[in-house]
Each structure stands twice: as structure tokens, then as C-alpha cells.
Amino acid sequence: MTTQMEGDQCAPGADFERPSAISKWTEDQEPVFSDKLWAVPVMESRCHGWPVCTQESVASNNGFAPWPGSPQGFLPGPNLDLKQPQIILLKEGTDSSQGVPQVVSNINACQAIADAVRTTLGPRGMDKLIVDDKGKAVISNDGATILKTLDIVHPAAKTLVDIAKSQDAEVGDGTTSVVLLAGEFLKQAKPFVEENVHPQIIIRAFRRAVNMLVQKIQEISVKISKDDKNEQKELLQKCAATTLSSKLVAHQKDFFSKMVVDAVGLLDDLLPLNMIGVKKVTGGALEDSKLVAGVAFKKTFSYAGFEMQPKKYTSPKIALLNIELELKAEKENAEIRVDSVQEYQSIVDAEWKILYDKLEKIHQSGAKVVLSKLPIGDVATQYFADRDMFCAGRVPEEDLRRTMKACGGSIQTTTQSLTDDVLGKCQLFEETQIGGDRYNFFNGCPQAKTCTIILRGGAEQFIEETERSLHDAIMIVRRAMKNDAVVAGGGAIEMELSKYLRDFSRTIAGKEQLMIGAMAKALEVIPRQLCDNAGFDATYILNKLRQKHSEAGLWYGVNIMNEDIADNFEDCVWEPAIVKINALTAAVEATCLILSVDETIKNPKSGGEAPGGGGMGRGRGRPM
């Protein structure tokens, strides 16, 4: 038996014998093994790149040669598979990350979102100037508006954008607060996640805490009496003024809070938001804005003969139509074959007769003001002017519906049955010049369940931000009328809830004590940020607030005017309790959602597209 000893070198084509197998390999091919056993050399000596094995090393391992990197260090026999088949679950290029680093990464992304809107909180909050891809500038300090305008791509951070939108849709205000609270809850939970505390323990503690907070708010909130209408109106104005105090129109908050409460008071019991129209007219001062108890809309496009129509009526009847009052143009592909000029003339006469029949029926109905969603042509305009009637075509559907709500009647699609019961009525109709535009006003409407706010101002961006501010105030007043409980703002309710949670955490044992204590600390972010945005010493103010709340100073919060603390309930800094309940619930839900995600799988973008360009289809200057 020939044996290649350890340390000896073998030449190409060398044979050597194993206990039950012979292996031979050459310079230009891989080793060839017998069917009984794969004896692969693994010792230090090399033979053309392959380690040399000794008889002893094979015999000592029951006929198996050691193989570096193979399972158990040995290469199995020929009856077993050398490689396990690779299982491919995801498409090539899919990005997948998981575990604690992924949770921490999501938390960091959400904190970056909170930092983006942090400085906009409160009466001394700063504004953000955002320019979109079309070059349009938006100036705002409303959290929901800022986050909607930003094009955020991080999947976890989009959760905070969603809760800001839901807060704006549900209660109208508190959008910045809800994002700040969610960001702070995550910030306080981050050290526990890094210390490998299971996220479900944190989630359970947070959910238990938020249920206690909602009950506490309902216990300590103050109910508004609905018996005395004047008192209720004053309370609603204070809620609106609190909302407007953190907006761009804070200096005119008394003027606008009264306007907002009057506007909401004109609506029916359901308080539909779309029944309050807001029209923006550039020019003038903010105080030139006014509330119309009825409908006002901008004069629509008009044809020749419009100048001859009267611009003022007392107690007119109003026809609301969805009919086109002009001669129909022939279709491009229309074909009419006639044998004589008389036949063609009869077709033209029929078209005119159809139009004049419609106009005659409108005139006979007694209507003095004719509004239509579809165009009213030059023939109809002149016809109405000759009969001292006013007409307006292409009226936006929203304005037409609000006119119907205010003046009564119904929108007609035919002129066959224009009776008095389908015509609207108002005490005074007039067309008035406002700034550079002319507006149609319907005043003294008998069924006025709608109103119009006409906003004046200098820059277009300023008027748009005023509109957003009034939207928040209107939403707050609606919520305060439906849910008659209020709490003090200015960080007062947050400090009281923080004290409540901190005291409770000391009565329980286990990990939940730390989590609830962390949540109590996180609630202080609102008064702390109010102080930071106003340039106050936040540590000093918060220490005074903690002392006051420990001495049963229930409604003490930050006093922005005097750089101190004050009883904000006496100072009439009020907010509907539903705003705080909704903000806390949404913030905790978002926090729990982000903490419960431990893996992110990002699918690759669909291939076949060149970078920065489209596909290889037609167009873009490519040949067919």
C-alpha cells in the first residue's frame, strides 16, 4: 500500500491509496474520487492548490477527510447532498432590516419629524416658509399644513403625518401638539428599547396610562352651560380666541373669534362645515373682512348686454338652474343634408325657437335673478336685460348649493315647471364691488342656514394662512358646541396629567412603573416647548409649575405675556376637552404602532427604466 506521508509534496498525476478509496487528480482538473468514499486532503502540504491528506487522517475519521468550512468539519459521503438548496423568499434587491436597530431607526425618524414642527407651537411659535416643486410658497405654523406640504418618504415617519391629518380632520386644532407628544413618547421609550426591554411591555404600559389620562380629563373638565345663550356664546368666543392666539392673526383674535362664533351659529343643528363659504379678496386690511348671513360669490363670466341688467333687487324670486341657455354649436363631424335653403332655414329657426321657449318660460315664472351652473349665452343675456332680469352662468356648484340652502327652492334641470315652490327668495340682492372684484350678495335669506366670510388682506399667502387659521377656529367652536367640556390650555392640563401619572407610578411595582413614569415626563414637553419658543427659562418655569400642581393648583400653566405661571382657566385660555383626548389617544396609538414594528422590508423599484428617464415607448422624440 502506497501512502503519501504528511508534509510530502505530490506531483501532478501522482496516485496514492486510502484505506478504501483511491484519489487521483491532475494539474488541469479537480480531484477524482471513487464511488465508495470521497477522501479529500486537508493537511498543510499542498498539491497544485489541493491540500494533501494522509492515510492516518482518513482512517482516524472513519473514512471521512476533514474539510474546512464544511458542517462538523467533514465532507460527507456521496449518498448525501453536498449543498443545502438556497431558499429565496424575496425578490433580488429587496432591502430588509430587523431587530432593535430597526426600532431605534424608526424612533429617530419620528423624532426628526417632531423637530420639524417643534418651533411652531404656541402664541410665540415661528412660521415655516415652504416652497413646493412648482414654486408656490406656503407660509404657515399649522402642523398639519406643514407636514402635508413636506414630501416625506420614510415609511415610519409617515405615521406622524397621518395622525396630524386625522387630528386636523377630527377637531381642527392641536396638530402640532399631537406630533410633539408622539415624538416625545418615542424619545422616552428609546432607552428602554436599547436596553432590550420588549416593546410589548412598553406598549402595554402606555395603553394603560392613556386610558387613565382620558378618564382623568373627563373628571376634571368643566362643563359649559347651554341654558344661557349669551354665556355660551362668550365661552365659545374664548375657545376660538385661544386657538387664534397661536396663529398669524393673533393680534385680531377678538375680531375674528366673534366672527367665527357668529358664523357657526348661523348653521343648522348638524353644523356642516361646507355651508360656511370663505372668499378671499386681495387688498385692504384684515379688519375689512366681513361675515355675510347668506351667500356671496364672485361675479362669473358674462356676455355683452350684462351691463344693462339691474344690479339690485328687493325681495326677488331666484331661479336656480342646471340648464345651458345658448345656441348649440354644430359638432365637428355633424352632417346635415338639405335640398333647399328653406329646409336649412327651418333647422336654424327650430334651434332659435327651442332657446326662446326656455327663456320665455323663465320670464313667465316671475324670477328676477337667474343662476345657472352651465353657460348663459349672449342671446339669453340680452333677452334678460331687456326684461330687467339679472343672470349669471357658470356658477360653481358649491355656491349654487349654498344659495339653495339659504334662499330655498331647488335646482332645476328643465324649464317646464318653474313654480313658486321651486324658486328661492331673499330680502335683498345686490352686486357690490370689493377690492378689484365684483361680488353678488344675497341678504336677508329666510332659510339662512349658511353664511360667507369675505377675507381681506395684503399678500396672497397671508390671506391663505388667515383662511387656515379660521378653519381651525371654526372646527374648535363646532367641537365645543357638540362636546360641552373645556379644560385650561397653555400647558396646564398636561402638567396636571403628568403629576397624576407620576403619583400613580409610585404605587405600582415592576417595569410598568418605569414606563408610566417616562410617559409622565414626556407630557411636560408641551409647557417646556411653549417656554422655549417664547424665549423663557423652561427649567425655572416648569419647576414653579410642578410646585403649584403639587399644591392643588389644578389649572396653572405658562403665562406667555408675563414670563411667569398663571391660572389659565381664570385667564380664559380654554380648549375643548375633546382636543386633548383626541391628541393623547392618537399620539399613543402612533407610538405603539411604531414600537411594534421590528422589521422593515423594502421592495426594489420595478426595473426596466433607465435612471431619470421613462421607458422605451413612443414619444420623447423616439422613433416608432
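Residues numbered from 1 in each chain as written. Predicted model: local features only at pLDDT ≥ 70, side-chain atom pairs only at ≥ 80, totals over all residues. Heavy atoms only, no water.

**A short note on helix H5 (residues 175-194)**
Then step 1. Taking 1.5 Å of rise per residue, 20 residues should cover 28 Å, and H5 covers 29 Å from first to last C-alpha, within 8% of that figure.
Then step 2. At Gln188, H5 shows its maximal bend, which comes to roughly 30°, and the proline Pro191 appears one to four places after that position.
Then step 3. Asn196 lies just past H5 and shows a positive phi near 65°. (Helix = DSSP H or I, 4+ residues; strand = E, 2+ residues; numbered from the N terminus. Expected span 1.5 Å × (residues − 1). Bend = angle between axes of the 7 residues up to and from the residue.)

**Some points on a nonpolar patch on the surface**
Then step 1. Together, Ile87, Leu89, Leu90 and Ile601 line one region of the surface with nonpolar side chains, adding up to about 470 Å² of accessible area.
Then step 2. Relative to the assigned elements, Ile601 resides in strand E24 (residues 599-602). (Patch = residues over 30% accessible without salt bridge, like charges linked within 9 Å, V, L, I, M, F, W, Y side chains within 5 Å. Areas by Shrake-Rupley, 256 points an atom, 1.4 Å probe, with all protein chains shown as cover. Salt bridge = Lys/Arg side-chain N within 4 Å of Asp/Glu carboxyl O.)

**Re the packing of helix H15 (residues 525-534) against helix H16 (residues 538-550)**
Then step 1. Axis separation between H15 and H16 bottoms out at 9 Å; the angle between their running directions is 140°. The angle between the axes of H15 and H16 places the two elements in the oblique class. When you trace H15 past H16, the crossing you get is right-handed. Only Ala538, Thr539, Ile541, Leu542, Leu545 and Arg546 of H16 make contact with H15, whose side of the interface consists of Pro527, Arg528, Cys531 and Asp532.
Then step 2. Residues of the contact of H15 with H16, tallied by class, amount to 6 nonpolar, 1 polar and 3 charged. (Axes fitted to C-alpha atoms, helices over the stretch in contact; angles between N-to-C directions. Parallel < 35°, antiparallel > 145°, perpendicular 65-115°, else oblique. Left-handed = near helix turned anticlockwise from the far one by under 90°. Contact = heavy atoms within 4.5 Å. Nonpolar A, V, L, I, M, F, W, Y, C, P; charged D, E, K, R; others polar.)

**Some remarks on the side chain of Ser289**
Then step 1. Note on placement: Ser289 falls in the loop between strand E9 (276-282) and strand E10 (290-292).
Then step 2. Note on Ser289: relative accessible area 5%, which makes it buried.
Then step 3. A polar contact is formed between the side chain of Ser289 and the backbone oxygen of Leu286, at a distance of 2.8 Å.
Then step 4. Reaching out from Ser289, the side chain makes a polar contact with the backbone nitrogen of Arg456 at a distance of 3.0 Å.
Then step 5. Ignoring anything within four residues of it in the chain, the contact list for Ser289 reads Phe255, Phe256, Met259, Ile454, Leu455 and Arg456. (Buried < 20%, exposed > 50% of the residue type's maximum accessible area, 1.4 Å probe, protein only. Polar contact = N/O pair within 3.5 Å; in protein donor to acceptor, adjacent residues only side chain to side chain.)

**Topic: helix H2 (residues 100-117)**
For an α-helix the count is 3.6 residues per turn, leaving residues at separations of three or four pointing the same way.
Then step 1. Here H2 contains 18 residues, and its C-alpha end-to-end distance of 27 Å stays within 8% of the 26 Å for a straight helix at 1.5 Å per residue.
Then step 2. Of all the positions in H2, only Gln102, Val103, Val104, Asn106, Ile107, Ala109, Cys110, Gln111, Ile113, Ala114 and Val117 are classed as buried.

**Describing the sheet that holds E9**
Then step 1. With respect to topology, 3 strands assemble into an open sheet ordered E9-E19-E10, the strand pairing being mixed. Each end of this open sheet is capped by a strand with a single partner; those strands are E9 and E10. Here the strands of the sheet are splayed against their neighbours by 20° on average, with no regard to which way each runs.
Then step 2. Judged from the 3 bridges that link them, E10 and strand E19 (residues 451-457) form a sheet pairing that is antiparallel. (Pairing = 2+ DSSP bridges.)

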